[in-house]
Amino acid sequence: MTGRTYGQFCGLARALELVGERWSLLVVRDLLLGPKRYSDLRQTLPKLPPSVLSGRLNELEKAGVLRRRVLPKLDAAVVYELTEYGRELEPVLLQLGLWGARALLDPAPDDLFTMDSAILSLYTTFRPEHAAGVNVSFEIRYGDLIVHAFVDDGALKVAEGALPGADLVIEPVGSIQQLLSGRLSPLAAIEAGILRASGDLTLLDRFVDLFHIPAPPAPVEGLAVR
């Protein structure tokens, strides 16, 4: 921790004191799917200065959110991993990610989209209440970055890599956000050339039903009057 406080006897204020510093939640995000070395975090957070990354890791370790562990290998590399306390942030981060995704526009040319972001985006947008009795597999290709997802009666499992025999293979040309937000239908996305697909194409509608970004609320202007 930095020693800065809000001076509030409040759980939310305390949470922000622990993980609210700039970059802290992105460090936690990048550890959700498993331990990482310092060099791994440097790759997934390239705009984070090394001195700041070291500071955030030390702060989160002191707060009990993460810990360091030596891998049982010959190189004895040190990795950072979430503690049980830190892992309790997972549903919070997924919900916050969905909230933020509602305000996403098209990615900037230098915006980074990582393997972890690709995997977590599916967990973030998944609607288990729409998946009861559904058993289907998807492969999603973002250029050289490929993930696959299994939906099994309301449960979701996402992992890195191709999936031979996937029921549906989806290849967005750029961001998939327009499809998940409903701004474009699958058919319109294919006709516009921003989506390619193979396999059982009837599952495209199922895909956008299972993975969805709600529309953002309309802006409110002026004073609210009750």
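Read on for an overview of the structure. On a predicted model such as this, the values are computed, not experimentally measured, just so you know.

1. With respect to the packing of helix α2 (residues 24-31) against helix α4 (residues 50-62)
Here is step 1: Orientation of α2 relative to α4, taken along the N-to-C sense of each, is 75°, at an axis distance of 10 Å. If you check the angle between α2 and α4, you find them roughly perpendicular. Facing Ser24, Val27 and Val28 of α2, the residues of α4 in contact are Leu53, Arg56, Leu57 and Leu60.
Here is step 2: Taken together, the residues that form the contact of α2 with α4 break down as five nonpolar, one polar and one charged.

2. Some remarks on the side chain of Thr125
Here is step 1: Among the secondary structure elements, Thr125 is positioned in helix α7 (residues 115-125).
Here is step 2: Using a relative accessible area of 4% as the deciding quantity, one classes Thr125 as buried.
Here is step 3: At 2.8 Å, the side chain of Thr125 forms a polar contact with the backbone oxygen of Ser121.
Here is step 4: Not counting residues within four places of it along the chain, the set of residues in contact with Thr125 comprises Leu98, Leu180, Leu210, Phe211, His212 and Ile213.

3. With respect to the packing of aromatic side chains
Here is step 1: Tallied over the full model, the rule gives five aromatic pairs.
Here is step 2: For the ring pair Phe138 and Phe211, a centre distance of 6.2 Å and an interplane angle of 80° mean the geometry is edge-to-face. Within this pair, whereas Phe138 is found in strand β4 (residues 135-142), its partner Phe211 is found in the segment after α10 (204-210), the two being separated by 73 residues in sequence. A single burial state applies to Phe138 and to Phe211, both of which are buried.
Here is step 3: Judged by centre distance (5.0 Å) and plane angle (40°), the rings of Phe207 and Phe211 are tilted. For the pair shown, Phe207 and Phe211 are each scored as buried.
Here is step 4: By way of ring pairs, the aromatic residues Phe126, Phe138, Phe207 and Phe211 are connected into one cluster.

Basis of the calculations
- Sequence positions are assigned chain by chain, starting from 1 and proceeding in written order.
- At least 70 in pLDDT is required for a residue's local features to be given in this predicted model, at least 80 for side-chain atom pairs to be given and counted, and no such filter applies to totals for whole chains, interfaces and linings, which use all residues.
- Side-chain numbers here rest on the full set of heavy atoms in the structure, without hydrogens or water.
- Note on geometry: axes are lines fitted to C-alpha atoms, helical ones only across the stretch in contact, with angles between N-to-C directions running from 0 to 180 degrees.
- Numbering of helices and strands runs from the N terminus; a helix is a DSSP stretch of H or I covering at least four residues, while a strand is a stretch of E covering at least two.
- Roughly parallel here means an angle under 35 degrees, roughly antiparallel means over 145, roughly perpendicular means 65 to 115, and every remaining angle is called oblique.
- Should any heavy atoms of two residues lie within 4.5 Å, those residues are considered in contact.
- When residue character is reported, Ala, Val, Leu, Ile, Met, Phe, Trp, Tyr, Cys and Pro are called nonpolar, Asp, Glu, Lys and Arg charged, and the others, Gly included, polar.
- Buried, partly exposed and exposed residues are distinguished by accessible area as a fraction of the type maximum, computed with a 1.4 Å probe on protein chains only: under 20%, between the cut-offs, and over 50%, respectively.
- Whenever two N or O atoms come within 3.5 Å, that pair is a polar contact, provided that in protein one can donate a hydrogen and the other can accept it, and provided that, for residues adjacent in sequence, both atoms are side-chain atoms.
- Between 30 and 60 degrees the pair is tilted, below 30 it is stacked and above 60 it is edge-to-face, where a pair is any two Phe, Tyr or Trp rings, Trp via its six-membered ring, whose centres lie within 6.5 Å.

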